[in-house]
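What follows is each chain in one-letter form.
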Amino acid sequence: MGKVAVGAAVVCAAAACAVAALVVRHRMKSSGQWARARAILKDLEDTCGTPISKLRQVADAMTVEMHAGLASEGGSKLKMLISYVDNLPTGDEKGLFYALDLGGTNFRVLRVQLGGKGGRVLHQEFEEVSIPPHLMVGNSDDLFDYIAEALAKFVATENENFQLSPGRQRELGFTFSFPVRQTSICSGALIKWTKGFSIEDVVGQDVVGELTKAMERAGLDMRVAALVNDTIGTLAGGRYYNPDVIAAVILGTGTNAAYVERAQAIPKWHGLLPKSGEMVINMEWGNFRSSHLPVTQYDQALDDESLNPGEQIFEKMISGMYLGDIVRRILCKMADEAALFGDTTPPKLKHPFILRTPDMSAMHHDTSSDLRVVGNKLRDILGITNTSMKTRRLVVEVCDIVATRGARLSAAGILGILKKLGRDAPKENSEKQKMVVAMDGGLFEHYTKFSVCMEKTLKELLGEEVSETLVIEHANDGSGIGAALLAASHSQYLEVDES
């Protein structure tokens, strides 16, 4: 019996040693994997770095490209498009005007009743319509017919708050948030699609002509009075309420900026100088690129696999369409190389754009003690269950690095505009004039950590004295109201109203 007991004890001890060895090996493997995940994070932090010195280089490069784009067509990656808007709204506009805002996966139709200086916007109504994905890559007629039919249905719901003067045609401001070579205030040819659209038969065509034909097919009697870009609409909406607005920036699905330039500072403008002496410039700043931008392997891969490789590099680093997917790519590398989510990489993590920026924002803003929101998002979107607390923390860190880089680069872009206008440094012996930048877009509005970081960085770049004169103003629905206001200030009945 003694020998049996001893033998059993030896077997138990051996088994215990084997289990202990397995546990140690697992811990060592786990520890090594965790070290690899942290190393990937450290490398990300380094390559995404945006010290103030680098941001100043980015801002300087932006200013240089602005000058080049104003000098000649094709002289810069920044198109610096002449908008033909030389008289922004004043507040005197009156009447019923419509707007169509097309700039992403949704479009909006809107109407406003304007009451002049005393009443401003008396009434407004809008409807949002989502675009079926197949229409974003289909043909021109299908997309514009879908839009015109939605617009016709909206017009049919006008009530007594909206009064069209007898004998007049309805007029529309068309916000078209894609690069357009404008030929007048109400015509322009599409240069290229961005933001996931790819309809080849529209490229090179007058988008107002396409919409007008579709409205005729839908039996809708309406004239497009102004073709504007969402950023110019935001600028117009901002200026309507605040005469100190000098620029507008959209940070949403995509990104862009527009500003008020002196007409004499536009060498490529060959027409008569406008009476106002000013011209609104649509920068198309999403296409900015510079060797100073902190591009990572993840940005490079995203760009290579995109619909427009080599284009819209700035947009792909800072806008809502792409931030979530950059985070997904980083997590995918951590899963592949450091088994962050278990021995196999979760299949859903391989799907491009499955992780959207609103989900990234929700994880980044998670303040629960156990980071419950992070856990839920990983489970519901990516099928990743049972994540540890330290894994969730790591995911939040990734979100923070990607969002911070985007926000700080956005601030550098705005500094570039202020430099071009000579508003980036204190002026001696002059009154401190306010300068207002009107902002719009879901990223700016809803991703609080992003917008707070952007404003803080801009103040850091400008210094205390100039920062006191800067106001970042949320121009709510600038692209909708702004387009309607520009339709009003370019109405075919303007001279009749003034007489």
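Refer to the preceding data block for the structure.
Here the structure is a predicted model, which is why all the values come from computation and not from measurement. (Residues numbered from 1 in each chain as written. Predicted model: local features only at pLDDT ≥ 70, side-chain atom pairs only at ≥ 80, totals over all residues. Heavy atoms only, no water.)

*Asks:* Which residues make up the overall build of the chain, and what are the values?
*Replies:* A tally of regular secondary structure across the chain gives 17 helices and 13 strands. Viewed in the frame of its principal axes, the chain has a C-alpha envelope of about 120 × 60 × 40 Å. Among the 499 residues that make up the chain, the fraction classed as buried is 53%. Long-range contacts, defined here as pairs at least 24 residues apart, represent 72% of the contacts in the chain between residues at least 6 apart. With the model as given, the accessible surface of the chain reaches about 21,800 Å², and the carbon-plus-sulfur share is 53%. (Helix = DSSP H or I, 4+ residues; strand = E, 2+ residues; numbered from the N terminus. Buried < 20%, exposed > 50% of the residue type's maximum accessible area, 1.4 Å probe, protein only. Contact = heavy atoms within 4.5 Å. Areas by Shrake-Rupley, 256 points an atom, 1.4 Å probe, with all protein chains shown as cover.)

*Asks:* So what's going on with the packing of helix H6 (residues 230-241) against helix H16 (residues 478-489)? Residues and values would help.
*Replies:* If you want to describe how two helices pack, look at the angle between their axes and the distance between the axes. For the pair H6 and H16, interaxial distance at closest approach is 7 Å and the crossing angle is 75°. As the angle between them shows, H6 and H16 are arranged roughly perpendicular. Note on element contacts: H16 touches H6 through Gly 478, Ser 479, Gly 482, Ala 483, Leu 485 and Leu 486, opposite Asp 230, Ile 232, Gly 233, Thr 234, Ala 236, Gly 237 and Tyr 240. For the contact of H6 with H16, the class distribution of residues is 6 nonpolar, 6 polar and 1 charged. (Axes fitted to C-alpha atoms, helices over the stretch in contact; angles between N-to-C directions. Parallel < 35°, antiparallel > 145°, perpendicular 65-115°, else oblique. Nonpolar A, V, L, I, M, F, W, Y, C, P; charged D, E, K, R; others polar.)

*Asks:* Describe the pairing of strand S6 (residues 180-184), and please don't skip the residues or the numbers.
*Replies:* It is a general feature of regular strands that their side chains alternate between the two faces of the sheet. By the bridge criterion, 4 bridges tie S6 to strand S7 (residues 187-190) in an arrangement that is antiparallel. When the sheet's bridge partners are listed, Val 180 is paired in S7 with Leu 190. Connecting S6 to the antiparallel partner S7 that follows it, the hairpin turn spans 2 residues. (Pairing = 2+ DSSP bridges.)

*Asks:* Run through the sheet that holds strand S10 (residues 255-262), naming residues and quoting values.
*Replies:* Spatially, the 6 strands line up as an open sheet ordered S1-S11-S10-S9-S12-S13, and their pairing is mixed. Either end of the sheet is taken by a strand with one partner, and the two such strands are strand S1 (81-82) and strand S13 (470-474). Strand direction decides the pairing type here: strand S12 (residues 435-440) and S13, joined by 5 bridges, are parallel. Opposite Ala 438, over in S13, you have Glu 473 as the bridge partner. This element, helix H14 (residues 448-462), spans strand S9 (245-251), S12 and S13 of the sheet and lies at about 160° to S13.

*Asks:* Quick rundown of the nonpolar core? Include the residues and the values.
*Replies:* If you look at the biggest cluster of nonpolar residues, it comprises 88 residues, and the most contacted ones within it are Met 283 and Trp 285. If we skip the residues at most four places from it in the chain, Trp 285 touches Met 62, Leu 78, Val 249, Thr 255, Asn 256, Ala 257, Phe 314, Ser 410, Gly 413, Ile 414 and Ile 417. Formed by 38 residues, the second largest nonpolar core is a distinct cluster that contains Phe 107, Leu 135, Leu 143 and Ile 147. (Core = buried A, V, L, I, M, F, W, Y, C linked by side-chain atoms within 4.5 Å.)

*Asks:* I'd like a description of the sheet that holds strand S3 (residues 106-115), backed by residues and values.
*Replies:* Read across the open sheet, the 5 strands follow the order S4-S3-S2-S5-S8; overall the sheet is mixed. The outermost strands of the open sheet, each flanked by one partner alone, are strand S4 (121-130) and strand S8 (222-228). Taking the axes of each pair of neighbouring strands and ignoring which way they run, one obtains an average angle of 20° across the sheet. As paired elements, strand S2 (residues 94-102) and strand S5 (residues 170-176) share 5 bridges and run parallel to each other. Opposite Ala 99, over in S5, you have Gly 173 as the bridge partner. Sheet strands touched by helix H4 (residues 140-155): S2, S3, S4, S5 and S8. Its angle to S3, the strand with the most contacts, is close to 35°. Against the sheet, H16 contacts S2, S3, S4, S5 and S8, and its axis sits at roughly 130° relative to S2.

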